[in-house]
Amino acid sequence: MTEPFGVLVVAAGVALILCGLLWRGRVRRPFAPGRAREAQDRVVRRELRRAADLAIAAARRQAAPDEPAIIRVDDVIRVMTAHFGHDVVPRAEAAAALRERFEAGACRTDCLTDAYD
C-alpha cells in the first residue's frame, strides 16, 4: 500500500502545477499599485537627471574652448527620448532636472541654460 504522506505531496504538487498553467499570464496589475507608481516615478526622475548630465556633457564637448556651453531644456527632452525611450517628457520636469544638475555640476562658470526662464 502507498504511503499517505507521499500521495498528499504529489497531489499538492499537481494542484500547484495546474494552478500555474491556468493562471499563466493573467496577472494584470501589480500587488501594490501605489508602490509600483512610486518606483516608476523614481526611475523617471533618475533618468531625467542622467539625461541632463548627458546634455551638459554634449554641450561642453561641442562648445569652442573660449565659448560657454549652451544647454537647452529641449536638449534634455531630446536625450530622454533618444536614450531612454520616453515619448512624453513634461518640459517643467526637464527644466527642474536641468537646473538641479546645472547647479550641482558647477556649470555657472562655463555654461548657459534656459532652464531658469
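Residues numbered from 1 in each chain as written. Predicted model: local features only at pLDDT ≥ 70, side-chain atom pairs only at ≥ 80, totals over all residues. Heavy atoms only, no water.

1. Focus on the overall build of the chain
Next up, step 1: Summing up its helical and strand segments, the chain has four helices and two strands in all.
Next up, step 2: Along the chain, from the amino end to the carboxyl end, the secondary structure elements read α-α-β-α-α-β.
Next up, step 3: Over its C-alpha trace the chain gives a radius of gyration of 26 Å, far above what one expects of a compact globule, namely 13 Å for 117 residues.
Next up, step 4: Taken along the three principal axes of its C-alpha coordinates, the chain extends 90 × 25 × 20 Å.
Next up, step 5: Among the 117 residues that make up the chain, the fraction classed as buried is 21%.
Next up, step 6: Of the contacts formed within the chain by residues at least 6 apart in sequence, a portion of 60% connects residues at least 24 apart.
Next up, step 7: Counting only carbon and sulfur atoms, one obtains 58% of the accessible surface of the chain, whose full area is about 9000 Å².
Next up, step 8: The average position of the 19 basic charges and that of the 16 acidic charges among the side chains of the chain differ by 8 Å. (Helix = DSSP H or I, 4+ residues; strand = E, 2+ residues; numbered from the N terminus. Rg over C-alpha atoms; globule rule 2.2 N^0.38 Å. Buried < 20%, exposed > 50% of the residue type's maximum accessible area, 1.4 Å probe, protein only. Contact = heavy atoms within 4.5 Å. Areas by Shrake-Rupley, 256 points an atom, 1.4 Å probe, with all protein chains shown as cover. Lys, Arg positive; Asp, Glu negative; His and termini not counted. Charge placed at Lys NZ, Arg CZ, Asp CG, Glu CD.)

2. Considerations on the environment of Leu48
Next up, step 1: Along the chain, Leu48 falls in helix α2 (residues 33-62).
Next up, step 2: The spacing of Leu48 and Pro4 is 44 residues in sequence and 60 Å in space, taken between C-alpha atoms.
Next up, step 3: Excluding anything up to four places from it in sequence, Leu48 contacts Val76, Met80, Val89, Glu93, Ala94 and Ala97.

3. Describing the pattern of salt bridges
Next up, step 1: Within the structure shown, the criterion is met by six salt bridges.
Next up, step 2: The shortest N-O distance in the salt bridge between Asp74 and Arg91 comes to 2.7 Å. In this pair, Asp74 sits in helix α3 (residues 73-84) while Arg91 sits in helix α4 (residues 91-104), placing the two residues 17 residues apart along the sequence.
Next up, step 3: Ionic pairing is found between Arg91 and Asp114, a salt bridge with its closest N-O pair at 3.8 Å. Here Asp114 lies in the segment after β2 (111-113) and Arg91 lies in helix α4, a separation of 23 residues in the sequence. (Salt bridge = Lys/Arg side-chain N within 4 Å of Asp/Glu carboxyl O.)

4. Concerning the side chain of His86
Next up, step 1: Among the structural elements, His86 can be located in the loop between α3 and α4.
Next up, step 2: Of note is the side chain of His86, whose polar atom sits 2.4 Å from the side chain of Glu47.
Next up, step 3: Setting aside its immediate chain neighbours within four residues, His86 contacts Val44, Glu47, Met80 and Thr81. (Polar contact = N/O pair within 3.5 Å; in protein donor to acceptor, adjacent residues only side chain to side chain.)

5. So, the packing of aromatic side chains
Next up, step 1: Evaluation of the coordinates by the stated rule reveals one aromatic pair.
Next up, step 2: A centroid spacing of 6.1 Å and a plane angle of 70° characterise the contact between Phe102 and Tyr116, whose relative ring orientation is edge-to-face. Placement of Phe102 in helix α4 and of Tyr116 in the segment after β2 is noted, with a sequence separation of 14 residues between them. (Phe/Tyr/Trp six-rings, centres within 6.5 Å; stacked < 30°, edge-to-face > 60°.)

Any functional reading would require information that these geometric values do not contain.
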